[in-house]
Amino acid sequence: MLHWVYWVVVVAVVAVAVAVAGEASRGGAQVITYDGRSLIIDGHRKILFSGSIHYPRSTPQSRWEDGQCFVTCSIRKLMDQAHACSFSVSKDKYIEKSLPNLEIQQMWPSLIAKAKEGGVDVIQTYVFWNRHEPQPGQYDFSGRYDLVKFIKEIQAQGLYACLRIGPFIESEWSYGGLPFWLHDVPGIVYRTDNEPFKFYMQNFTTKIVNLMKSEGLYASQGGPIILSQIENEYQNIEAAFKEKGPSYVQWAAKMAVDLRTGVPWVMCKQSDAPDPVINTCNGMRCGQTFTGPNSPNKPSMWTENWTSFYEVFGGETYLRSAEDIAFHVALFIARNGSYVNYYMYHGGTNFGRTSSAYIKTSYYDQAPLDEYGLVRQPKWGHLKELHAAIAFCSTPLLNGVQSNTSLGQLQEAYVFQEETGGCAAFLINNDEGISTVVFQNVSLELLPKSISILSDCKNVIFNTAKVNAGYNERITISSQSFDAINGWEEFKDAIPTFLDTSLKANEILEHMNMTRDESDYLWYTFRFQPSSSCTKPMLHIESLAHAVHAFVNNIYLGTTHGSHDIKDFFFKSPILLNNELNNISILSVMAGLPDSGAFLESRFVGLTRVEIQCTEKEIYDFANYTWGYQVGLLGEKLQIYKEENLSNVDWRKTEISSNQPLTWYKIVFNTPLGNDPVALNLSSMGKGEAWMNGQSIGRYWVSFHNTKGDPSQTLYHVPRAFLKTSENLLALITVCQ
């Protein structure tokens, strides 16, 4: 059972409705401009709240039944016996009250509707180049990648859209969203004044812009898109490219503006963004850290307000409170900010192999809408109240004269006063204790580390530290188990030897250049005959990949791995060698490609050193040795996770747990009753990947524990869209226990 249980059920209601931008279906063209205060839509200044929802990290549709029930499937490998699968059902009672009951409700519309009800005006998303153009000139806009459908759903619900084309996006997404085939373009250097890269970047950016234009999706055409973004946090690496960095920024800005979308372009974390492109802030505290627009004619905008933080395998959950988010949003608005985007508003799931290095399959689960689309309280409700309060004050905020007054050593006031008498104030207490201040001859008590919003400069309508929304907690309970061992079948993947490989080289090759993002796995193999004096051999491996698994003569030696923060690691183990040729097979594993940094096209991962040490003086170095290589696992190549390919291998009844690595497991089960989200509990598994009816639900790495000794993720989202009505095929590869 996975649902939300309320600790507090009383919710204070702000007496003013949230103003929703573009409530009517905008049939006519809109003029989008800006000045030094805000974006201007059809002549009206706007304070806008935005939420990031990434279309590939959820599904276009998912079955939801009346009452929004939720189901959890727990599938686990028992320590000494077999496997089990359990299901449970409960209701998300809060959402029952908020949204209409639908027999079948699509996932994208549900997420957008919840964001809208939370006071969000804009849905912001990246565009994912490597999913849309997997091969040069071959495009995919189907299923979860149907960008047009996603934007049209935003429009159907009366919200605006911000399209962050990039096309480099980072986003904890494999290779930062760049397609790996770029790596093979002669002379290419990513994200700099380099003609090959600029050619392909312009080609894809133009493709997306023209696609949006053809569907009439820019606001200038009557569509919902009011903003676009080119590049992404480029200033982080700009200096690495010396004089070619600034010239690339100039080129990228001009290229984007020349596409004539009729809406403004932004560059985030780019203080030298050329006019008319707006430079924006990313981070958790932009009210404190943002130095401001680089022109007095540009508005102050916050494109990424991190509602939590990305999480990695082996890491711990980062918790950011509703109070802290609200404080910094209010501070940003008080200091003339006019656009705030929550990154993420709904994080979703990194299905398949889409996450970057070490990034968990669950993405920003601590967002206002959790991975499954359930409301997370009090974050969602507290921010909704904040949005309503600021909307109520929007007229003086946008048209009044701002002034700043000290109220004490750690207290201050920002006041917005209109000539007509309208007034709004933000009273800020930076003290960790309660403070009493005098504001306009009235004594007011300010809560610790808080901002009070006064709608008429007299009455407090919101305080960032006063949480009225109810708290909730997600709970899982198993209700049905598949614990019969004869329900499972297994296939042990092949361990290739040197003679089995078709690709040979007299050196240790780089991992990514071999796998080309088609697999996480690369086999390094060689043959070795020791001298008679090598009586106590020790295998020593150094790597810049993410994990290695070592085999000698098909016998498993063990494994080791790195981490998100420790890039290099080594494996050392005594080995048994015979007097003839011995087969050494090393499986190098990547849990995602890197997603950031300069010169990404030159990044080296994989094995860096392999030795067999017999004595201190007798050491065999295999750097310049003849190696055999194989990309991927046999089961991957044969796609045995798909029903139509099951007969490609010989499946056998699962035995009593033998803790064998490189083992595939499969079971067929009927869909849980109801039309509710499903999750897999893989808490007793090791490391690998799982597929449901041929679709990957992502990588799992339960055996990688954090500093508290706990796995970083055990529940794995299975969208209802992946399930059939009955006889679902679940397949898993377990690389290690």
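Structure first, text after, so check above.
Residues numbered from 1 in each chain as written. Predicted model: local features only at pLDDT ≥ 70, side-chain atom pairs only at ≥ 80, totals over all residues. Heavy atoms only, no water.

Colleague: Would you mind showing me how to read the overall build of the protein here?
Modeller: Summing up its helical and strand segments, the protein has 12 helices and 40 strands in all. Scored against the burial criterion, the 737 residues of the protein give a buried share of 60%. Within the protein, contacts between residues separated by at least 24 positions form 73% of all contacts whose residues are at least 6 apart in sequence. (Helix = DSSP H or I, 4+ residues; strand = E, 2+ residues; numbered from the N terminus. Buried < 20%, exposed > 50% of the residue type's maximum accessible area, 1.4 Å probe, protein only. Contact = heavy atoms within 4.5 Å.)

Colleague: How should I be thinking about the sheet that holds strand S38 (residues 695-701) in this particular structure?
Modeller: Sheet strands line up and pair through hydrogen bonds in the backbone, either parallel or antiparallel. With antiparallel pairing, the six strands of this open sheet are ordered in space as S34-S23-S35-S40-S37-S38. Looking at the sheet topology across the chains shown, the edges are occupied by strand S34 (652-653) and S38. Pairing between strand S23 (residues 489-492) and S34: two bridges, direction antiparallel. Of the residues in S34, the one forming a bridge with Glu490 is Arg652. (Pairing = 2+ DSSP bridges.)

Colleague: Before we go on, may I ask you to explain the pattern of salt bridges in this structure?
Modeller: Pairs can form between side chains of opposite charge once their charged atoms are near each other. Under the criterion given, the structure shown has 24 salt bridges. Here Arg320 ties to Asp324 by a salt bridge, and the two come within 2.7 Å at their closest N and O atoms. Since its relative accessible area comes to 5%, Arg320 is described here as buried. Between Glu611 and Arg609 there is a salt bridge whose closest N-O contact spans 2.5 Å. A relative accessible area of 5% places Glu611 in the buried class. Sharing partners across several salt bridges, the network here consists of Arg353, Asp517, Asp520 and Arg699. (Salt bridge = Lys/Arg side-chain N within 4 Å of Asp/Glu carboxyl O.)

Colleague: Explanation requested: the state of the cysteines in the structure shown.
Modeller: Put plainly, a disulfide is one covalent bond tying together the sulfur atoms of two cysteines. The full count for this structure, using the stated rule, is three disulfides. A sulfur-sulfur separation of 1.8 Å characterises the disulfide bridge that pairs Cys423 with Cys457. The S-S bond linking Cys423 to Cys457 shows a torsion near -70°; that makes this disulfide left-handed. Of the two residues, Cys423 sits in strand S17 (residues 423-429) while Cys457 sits in the loop between strand S20 (450-454) and strand S21 (460-463), which places them 34 residues apart along the sequence. Residue Cys423 is classed as buried on the basis of its relative accessible area, which comes to 7%. Cysteine pairing for the protein (bonded cysteines numbered in sequence order): 1-2, 3-4, 5-6. (Disulfide = S-S within 2.5 Å.)

Colleague: In this structure, what is going on with the pairing of strand S9 (residues 160-166)? I would like to understand it.
Modeller: Looking down a regular strand, the side chains alternate between one sheet face and the other. Taken across its seven residues, S9 has seven buried, putting it largely inside the fold. Here S9 shows a buried face lined by Tyr160, Cys162, Arg164 and Gly166 and a second buried face lined by Ala161, Leu163 and Ile165. Of the strand pairs in this sheet, strand S8 (residues 122-126) and S9 are connected by five bridges, and their pairing is parallel. Bridge pairing links Gln124 to Cys162 in S9. Of the pairings in the sheet, the one linking S9 to strand S10 (residues 225-230) comprises five bridges and is parallel in character. Bridge pairing in S10 links Cys162 to Leu227. Taken together, S9, helix H5 (residues 195-214) and S10 form a β-α-β motif whose crossover is right-handed. (Right-handed = clockwise from strand over helix to strand, strands pointing away.)

Colleague: Mind showing me how you'd approach the packing of aromatic side chains here?
Modeller: Given two aromatic rings, one states the distance between the centres and the angle between the planes to describe the pair. All told, the structure shown has 45 aromatic pairs when counted by the stated rule. On the numbers, 5.6 Å between centres and 40° between planes, the contact of Tyr55 with Phe150 is tilted. You can see Tyr55 sitting in the loop between strand S5 (48-53) and strand S6 (69-77) and its partner Phe150 sitting in helix H4 (residues 147-156), a full 95 residues away along the chain. Here the two residues Tyr55 and Phe150 agree in accessibility, since each one is buried. Between Tyr641 and Trp664 the ring centres are 6.5 Å apart and the planes differ by 25°, which places this aromatic pair in the stacked class. Separated by 23 residues along the polypeptide, Tyr641 in the loop between helix H12 (634-638) and S34 and Trp664 in strand S35 (residues 663-669) bring together distant segments of the chain. Classification of Trp664 by relative accessible area gives buried; the value is 0%. (Phe/Tyr/Trp six-rings, centres within 6.5 Å; stacked < 30°, edge-to-face > 60°.)

Colleague: Is there a simple way to think about the environment of Gly562 in this case?
Modeller: Tracing the sequence through the fold places Gly562 in the loop between strand S28 (555-561) and strand S29 (569-574). Measuring from C-alpha to C-alpha, the distance between Gly562 and His546 comes to 5.2 Å, with 16 residues separating the pair along the chain. For Gly562, the residues in contact, after removing those within four places along its chain, are Tyr358, His546, Phe569 and Phe704.

Colleague: When you look at the side chain of Thr261 in this model, what are you seeing that I'm missing?
Modeller: Its location among the elements puts Thr261 in the loop between helix H6 (244-257) and strand S11 (265-268). Looking at Thr261, its side chain comes within polar contact range of the main-chain oxygen of Val263, at 3.2 Å. Among residues more than four places away in sequence, those in contact with Thr261 are Val209, Lys213, Tyr218 and Ser220. (Polar contact = N/O pair within 3.5 Å; in protein donor to acceptor, adjacent residues only side chain to side chain.)

Colleague: Can you help me understand the nonpolar core in this one?
Modeller: In globular proteins that are soluble, nonpolar side chains generally tend to be buried together. Counting 123 residues, the largest nonpolar core has Ile151, Met212, Ile226, Leu386 and Phe426 as its most contacted members. In this structure, Ile226 is in contact with Ile32, Leu39, Ile41, Leu48, Val122, Tyr160, Ala161, Ala219, Val263 and Pro264, ignoring residues within four places of it in sequence. Counting 28 residues, the second-largest nonpolar core is a separate cluster that includes Tyr358, Ala690, Trp701 and Val702. (Core = buried A, V, L, I, M, F, W, Y, C linked by side-chain atoms within 4.5 Å.)

Colleague: How should I be thinking about the pairing of strand S13 (residues 300-306) in this particular structure?
Modeller: Of all seven residues making up S13, seven are buried, and the element is well covered by its neighbours. Note that strand S12 (residues 278-283) and S13 share three bridges and pair parallel. By the bridge assignment, Gly283 is partnered in S13 with Asn305. The pairing of S13 with strand S14 (residues 337-346) spans five bridges and is classified as parallel. For Asn305, the partnering residue across the bridge sits in S14 and is Tyr342.

Colleague: Honestly, the side chain of Asn194 in this entry has me stumped. Any pointers?
Modeller: Mapped onto the elements of the fold, Asn194 is located in the loop between S9 and H5. With a relative accessible area of 10%, Asn194 lands in the buried category. Of the polar contacts made by the side chain of Asn194, one reaches the backbone nitrogen of Val189; its length is 3.3 Å. There is a polar contact of 3.0 Å between the side chain of Asn194 and the backbone nitrogen of Phe197. Excluding residues within four positions of it along the chain, Asn194 makes contact with Gly187, Ile188 and Val189.

Colleague: What am I meant to see in the sheet that holds strand S31 (residues 607-613) here?
Modeller: Spatial ordering of the open sheet is given by S29-S26-S31-S32, a layout of four strands whose pairing is antiparallel. Two strands bound the open sheet, and with one partner strand each, they are S29 and strand S32 (619-621). Mean inter-strand twist for the sheet, computed between neighbouring axes without regard to direction, equals 15°. Bridge count for strand S26 (residues 538-543) against S31 is six bridges, and the pairing is antiparallel. Note on S31: the bridge partner recorded for Glu542 is Arg609. (Axes fitted to C-alpha atoms, helices over the stretch in contact; angles between N-to-C directions.)

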